[in-house]
Amino acid sequence: MATKTTISINDEYCLTEYRETDVRQLVDLLDTPELYKTTFSIPSPYKESDAKYWIQFATRQHPHFKTLTNWAIRDKNGKLLGGIGFILTEGVTHRGEVGYWLGTPFWGRGIATQVVAKVCEIGFEQFDFDKITAHVFSFNPASCRVLEKNGFENEGFVKKHFCKNGQLIDAYIFGRLRVETTS
Ligand SMILES: CC(C)(COP(=O)(O)OP(=O)(O)OC[C@H]1O[C@@H](n2cnc3c(N)ncnc32)[C@H](O)[C@@H]1OP(=O)(O)O)[C@@H](O)C(=O)NCCC(=O)NCCS
């Protein structure tokens, strides 16, 4: 049974657990070349079996953080808009890699910027990360902008860093450090 959670972003959007009822919406939103092009691990074609696998995977609590590390992005009526989460490396708990996507009908409204802001807050406050990273394919300026607007620094350009479907892809690595507050 998935942990039920609702994290408010603002009056319009929130983060929740993925639900078994999301299968159709996941396929409708993710089975498009636009989503495949700039992401590393979203399958193409995206089938119902991929959605079911993902829901099972994403609703597990992380063994170290004892909480969800992947969330569905929804509007106030519960409609699925996209997803966001931390990609975590076993044994590494001071740093998390953020990954996110939105269905194409919802692009260009500032949603990703607001959602990334909230998830960074969760990463620093709840998971106690010292650093949050994101790798962005070189041909994804919208995602670079989302990160820049959230205080991430472009830490460098990594050549042929990803191999996807036989194609070598250059990327930028972005990082945001925890800001220590002094009292
Ligand atoms: C990347 C993605 C999440 C952005 O979501 P979004 O909600 O449309 O993003 P926002 O509206 O918050 O911000 C987008 C910013 O990029 C800018 N932008 C969009 N297309 C751009 C382009 N071709 N060149 C430069 N900037 C661009 C927008 O103008 C906006 O910046 P602004 O507010 O300064 O004007 C969305 O396009 C997506 O899901 N893409 C496919 C999956 C993906 O690439 N995920 C990220 C993997 S690293």
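Data block above holds the structure.
Residues numbered from 1 in each chain as written. Predicted model: local features only at pLDDT ≥ 70, side-chain atom pairs only at ≥ 80, totals over all residues. Heavy atoms only, no water.

Turning our attention to the site of the ligand. Around the ligand there are 21 residues in total, and Thr38, Tyr100, Gly108, Thr113 and Lys149 lie nearest to it. With respect to the ligand, the backbone of Tyr100 contributes an N or O atom lying 2.7 Å from a nitrogen atom. At a separation of 2.8 Å, an oxygen atom of the ligand approaches a polar backbone atom of Gly110. Of all elements in the fold, only strand S5 (95-102), helix H4 (111-125) and helix H5 (141-149) reach the threshold of two or more residues within the shell around the ligand. With six residues, the top contributor of residues to the shell around the ligand is H5. In terms of residue class, the shell around the ligand is built from ten nonpolar, eight polar and three charged. (Near = heavy atom within 4 Å. Polar contact = N/O pair within 3.5 Å; in protein donor to acceptor, adjacent residues only side chain to side chain. Helix = DSSP H or I, 4+ residues; strand = E, 2+ residues; numbered from the N terminus. Nonpolar A, V, L, I, M, F, W, Y, C, P; charged D, E, K, R; others polar.)

On to the side chain of Glu17. Relative to the helices and strands, Glu17 is located in the loop between strand S2 (13-16) and helix H1 (23-30). Using a relative accessible area of 3% as the deciding quantity, one classes Glu17 as buried. Polar contacts involving the side chain of Glu17 include one to the main-chain amide nitrogen of Thr5, which spans 2.9 Å. Here Arg19 takes part through its side chain, which lies 3.0 Å from a polar atom of the side chain of Glu17. (Buried < 20%, exposed > 50% of the residue type's maximum accessible area, 1.4 Å probe, protein only.)

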